[in-house]
Amino acid sequence: MKRSELLSRVLITVAILGAVGMPLFFWMGTPLIHAQIAEDGGWSPDIIQAEVGQPLHLRLTSDDVIHGFAVGQMEMDAVDVEPGKVKDVTLTFDKPGIYTFFCTRWCGLNHWRMRGTIEVNGSNADAEPVPAIPLYVTLNLDIDAPHESSVTPSSQPSAARGQQLAGDLSITPFTDPGFYRANAPYQLFEALAPGNLSDPERWDVVGFIWQSNTTPEALANGKRLYAQNCAACHGENGAGDGVFADDLARAGESSMQNMTGASGMTMKTPVDFTDPRQMLGASPALLQGKILRGGMGTGMPMWGSIFTEEQIWDLVAYLYSFQFEYQGEVQ
Amino acid sequence: MARVELTRFPLIKSAVKNRWPQLAVLILMLAGYLFAILAGLIGTPVGSHNFSIVFVWIAWWATLILVAVPFFGRGWCAVCPIPLPGEWLQRGAIVAPPDKKPKWLSLRWPRGLRNIWLQNISFLLLALFSSVLLTTPNITGIVLAGMLFAAIGLSTVFERRSFCRYLCPVGGFIGLYSQTAPIELRIKDKQVCVKCEGKPCYNGSADGYGCPWDVFPGGLAKNSYCGLCMECIRTCPHDNIAINLRPFSADLAKPSARMDEAFKAFIMLGSAMVYAGVLLGPWGAMKDAAYSVGTGAWFVYAAVFLAIIFVIMPSLFALCISRFENLTSFKKRFATLSTALIPLGLMFWVAFSLSFVLTNATYIFATLSDPLGLGWNLFRTAEAAWQPMLTSVLAPGQTLALVGGLIWSARTAQKAANEAKTPSIPVLVYCFIATLVMLWLLV
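Residues numbered from 1 in each chain as written. Chains lettered and ligands numbered in written order. Predicted model: local features only at pLDDT ≥ 70, side-chain atom pairs only at ≥ 80, totals over all residues.

Peer 1: Could you give an account of the overall build of chain A, naming the residues involved and the relevant values?
Peer 2: Along the backbone of chain A there are 13 helices and 9 strands. For 331 residues, the compact-globule estimate of 2.2 N^0.38 gives 20 Å, and the C-alpha radius of gyration of chain A, at 26 Å, exceeds that figure by more than 25%. Counting only C-alpha atoms, chain A reaches 110 × 50 × 40 Å along its principal axes. The 331 residues of chain A split such that 37% are buried. Of the contacts formed within chain A by residues at least 6 apart in sequence, a portion of 73% connects residues at least 24 apart. (Helix = DSSP H or I, 4+ residues; strand = E, 2+ residues; numbered from the N terminus. Rg over C-alpha atoms; globule rule 2.2 N^0.38 Å. Buried ≥ 20, exposed ≤ 12 C-beta atoms within 10 Å, placed from the backbone. Contact = placed C-beta atoms within 7 Å.)

Peer 1: Summarise the overall build of chain B; cite the residues concerned and give the values.
Peer 2: Within chain B one finds 21 helices and 3 strands. Radius of gyration (C-alpha) of chain B: 22 Å, near the 22 Å computed for a compact globule of 443 residues. In terms of principal-axis extent, the alpha carbons of chain B reach across some 65 × 60 × 40 Å. Counting only residues that meet the buried cut, chain B has 47% of its 443 residues in that class. In chain B, of all internal contacts separated by at least 6 residues, the share reaching a separation of at least 24 is 79%.

Peer 1: Residues and numbers for the sheet that holds strand β9 (residues 115–121) of chain A, please.
Peer 2: One key point about sheets: their strands pair by backbone hydrogen bonds, in either a parallel or an antiparallel sense. All names here are of chain A. Strand order in the open sheet made by the 5 strands is β3-β9-β8-β5-β6, with mixed pairing throughout. The open sheet is flanked by β3 (47–51) and β6 (79–81), the only strands paired with a single partner. Averaged over neighbouring strand pairs, the angle between their axes works out to 30° when direction is ignored. As judged from the 2 bridges shared by strand β5 (residues 67–71) and strand β8 (residues 97–102), these two strands associate in the antiparallel manner. Along β8, the bridge assignment pairs Val71 with Phe101. (Pairing = 2+ DSSP bridges. Axes fitted to C-alpha atoms, helices over the stretch in contact; angles between N-to-C directions.)

Peer 1: Describe the sheet that holds strand β2 (residues 183–187) of chain B, with residues and values.
Peer 2: All names here are of chain B. Taking strand neighbours across the sheet as the criterion, the 3 strands line up as β1-β3-β2 in an open arrangement whose pairing is antiparallel. Both edges of this open sheet fall to β1 (4–5) and β2, since each of them pairs with a single strand only. Relative to strand β3 (residues 241–245), β1 runs antiparallel, the two being bridged by 2 bridges. In the sheet register, Val4 faces β3, and the bridge partner there is Leu245.

Peer 1: So what's going on with unusual backbone geometry? Which residues, and what values?
Peer 2: With an omega of 0°, the peptide bond between Ser44(A) and Pro45(A) qualifies as cis. Mapped onto the elements, Pro45(A) comes out in the loop between β2 (43–44) and β3.

Peer 1: Hey, could you go over the interface of chain A and chain B for me, with residue numbers and the actual values?
Peer 2: Accessible area lost upon the coming together of the parts is a frequently used measure of interface size. On the chain B side, the residues contacting the 23 residues of chain A number 22 residues. Of all the secondary-structure elements, those providing two or more residues to the side of chain A that touches chain B are α1 (3–28) and β4 (56–62) of chain A. For the side of chain A that touches chain B, the leading source of residues is α1(A), giving 14 residues. Classifying every residue of the side of chain A that touches chain B gives 11 nonpolar, 6 polar and 6 charged. (Nonpolar A, V, L, I, M, F, W, Y, C, P; charged D, E, K, R; others polar.)

Peer 1: Let's hear about the domain arrangement of chain A: which residues, and what values?
Peer 2: Residues and elements named next belong to chain A. Assigned domains within chain A: domain 1 (33–121) and domain 2 (131–331). For domain 1 and domain 2, the distance between their C-alpha centres works out to 29 Å. Opposite the 9 residues of domain 1 that make contact, domain 2 presents 12 residues. Residue composition of the side of domain 1 that touches domain 2, by class: 4 nonpolar, 5 polar and no charged. (Domains from an automatic or database assignment.)

Peer 1: Tell me about the pairing of β3(B), and name the residues and values.
Peer 2: Remember that side chains alternate between the two faces of the sheet whenever the strand is regular. Examined bridge by bridge, β2(B) and β3(B) share 5 bridges and lie antiparallel to one another. Bridging from a neighbouring strand, Leu185(B) pairs with Ile243(B) of β3(B).

Peer 1: Give a detailed account of the confidence of the model for chain A, specifying residues and quantitative values.
Peer 2: Residue and element names in this part refer to chain A. In this model, chain A carries an average pLDDT of 89, and 92% of its residues clear a pLDDT of 70 or more. Mean pLDDT values for the elements of chain A range from 71 in helix α10 (residues 245–254) up to 97 in strand β1 (residues 33–35). Low pLDDT (under 50) marks residues 255–265, which in the prediction has 10 contacts with non-local residues, meaning those over four places away or in another chain. (pLDDT = per-residue confidence, 0-100.)

Peer 1: Explain the domain arrangement of chain B to me, using residue names and the numbers behind them.
Peer 2: Residue and element names in this part refer to chain B. Partitioning chain B into structural domains gives domain 1 (1–251) and domain 2 (255–442). Relative placement of domain 1 and domain 2: their C-alpha centres are 23 Å apart. In this complex, domain 1 contributes 37 residues to the contact, which on the side of domain 2 involves 31 residues. For the side of domain 1 that touches domain 2, the leading source of residues is helix α3 (residues 51–72), giving 11 residues.

Peer 1: Tell me about the packing of helix α15 (residues 284–291) of chain B against helix α16 (residues 296–322) of chain B, residues and numbers included.
Peer 2: Residue and element names in this part refer to chain B. Running from N to C, α15 and α16 point in directions that differ by 100°, and their axes come no closer than 7 Å. The angle between α15 and α16 falls in the class roughly perpendicular. Of the residues in α16, those in contact with Met286, Asp288, Ala289 and Ala290 of α15 are Ala297, Trp298, Val300 and Tyr301. Considered class by class, the residues forming the contact of α15 with α16 number 7 nonpolar, no polar and 1 charged. (Parallel < 35°, antiparallel > 145°, perpendicular 65-115°, else oblique.)

Peer 1: I'd like a description of the environment of Trp213(B), backed by residues and values.
Peer 2: Residues and elements named next belong to chain B. Tracing the backbone through its elements, the reader meets Trp213 in the loop between α12 (200–203) and α13 (231–235). Overall, Trp213 belongs to the buried group, with 23 C-beta atoms counted inside 10 Å. Along the chain, Trp213 and Leu228 lie 15 residues apart, while their C-alpha atoms are 9.2 Å from each other. Those residues in contact with Trp213, other than ones at most four positions away along the chain, are Arg160, Arg161, Cys164, Arg165, Tyr225, Cys226, Gly227 and Cys229.

Peer 1: Mind laying out the pairing of β9(A), listing which residues take part and the relevant values?
Peer 2: Residues and elements named next belong to chain A. Going residue by residue along β9, you find Gly116, Ile118 and Val120 tucked away on one face and Arg115, Thr117, Glu119 and Asn121 left uncovered on the opposite face. Where β3 and β9 come together, 5 bridges link them in parallel fashion. Bridge pairing links Ile48 to Ile118 in β9. By the bridge criterion, 6 bridges tie β8 to β9 in an arrangement that is antiparallel. Of the residues in β9, the one forming a bridge with Thr100 is Thr117.

Next comes the structure, spelled out in structure tokens:
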């Protein structure tokens, strides 16, 4: 073979190896976690292994729209995962267990289905805490039973007016957190002796007692969690009219109802937190249960693996702000 | 304007006579092409961050339609990597002289298909799927690989570059529009060719290969089917082949009267208008239909697309010119006069392409640094933000291109009308209305 022919063949081989071989090599050495809308598969992979105390480096990318990444039950800021770009995240777990990671951006109708798990192995010095039994279980509440309030206020109760009225009342039994969590507002309304109070005034006192069971910080935290995780369906103002509400109702009509043996599992229109009959008939424990467990076929996701107990109580406290006019603006 | 022989300059002459500079560029192009296939198949599915989409449909397309075709005609074909692997396989060599006996079947291309109808069809096939093709890296990767394998397959069955000459979806319109380019490859003296023994430019010699495009350079009258591969410059024993600088659209003064080329002009003109409406227009339903390949809406879109190109636009043109009958046959008049649509179509494509190229060009910087979407930052430009470029000059630039195209086509129409011995007015009216529609769609 002539030298020129040999040289050209060498050049071509080098070019092909450079253009295909090298990128292929680097590509194989760069494992990425791909995010896609749930309809197209969600996270891939969706099960990740980690070791206690060992930093876990994750490289995330989106294959379609902007997604967010956060790990439940963990102090971390959600990070955005942009299409075609790579986001590096490093996590360190100090307790073994199964953690849930989830999408924090409203990426599509089934956004809330975008979840995966991180299985953290190993042991740590502290004994593993026994998970607390949720209050709704302790109270033996049927969280799927109707819980409508038979009485509703004629106008929005004011916690500020309630505070002025409460000075003259004996409300000590009702300000106990145990009472607050286990009872619905209408139960407190009925428990308050009519005495000299009109019905609106009794509702004002209920509003005051409900606010006294939370703090501005907790409400602010609840508001933030609500905006990030709940408003897509339940609406920014709690009216059940979030951006996905109509689509959820349509999806329910077209899919869930047709599933064999699941005629009762119909995607429902998201609950309206501004409806007094629903909200004033629900105790914090019942709302906690619904958030923890999810709506069982209604489309309401299960948040127990994502929110901490404190976060759920903050969220519950915030939900009542759609009913009561609390003192000071909820930040 | 007289022609200027560029190969008269020693630097240019030696750059084309020596095969290594061109081969070096070709190998680079092949590497880029293979990388584009790879990126399409394994890179991020996000088109705006994938090399295959950004470098093929934005960078390459911009270079092709805004620079290569208008100024260098088939200049792209001179460095196109698609036929290379098949050609090397066909010859059994990269640069060595070919064996006397063919290594493969080496059949002649079927006589009935020695036209650009297959190219018209292959272009339309891609055009109908363009919304998906232009945005989906996977599909782009598959189509690029498909073209490479088709070229290889045809090289083993037929002689020379059958894929380029008869099947390449872009080769057809590059050839059509290359007639407008101010550059040409031609012989210097016809008598030298007549007397030349063995015709090494067509049959090959120890200095190079016979014309891969199946063209006898001695008979070259227009750019359409000369791929500027430069082999004839290397093989000509009489130094009788030149590359010339010439006036724009010199080939259109003597229009050919081929229906396949006439319909190519309609296909290109119509496609530019449909694209301007569908891809750049405000009609979401049309975009959805074009994107939803296989659905009922897409079939309607495809049917309308084909009807515009094959029925509506040619029929209106026929209607315009039918009132002025003369001794020339209608078919010949139709084909001859459609030459006027060549510069118009080219400028329609320039105007259309300006829009999406300027809008999307900044993706090139980010993709250059991270071509597969793996989080690389090779040239520190991975974080370059997307931003439309030169937005203030876009509309004036498009208007200038369209009006310039109209004037250019009017001049071409007059020459074609003289050739067909018929008034040019109907063609001018047709071009004027088409330009108005395109202006409305784009600006």
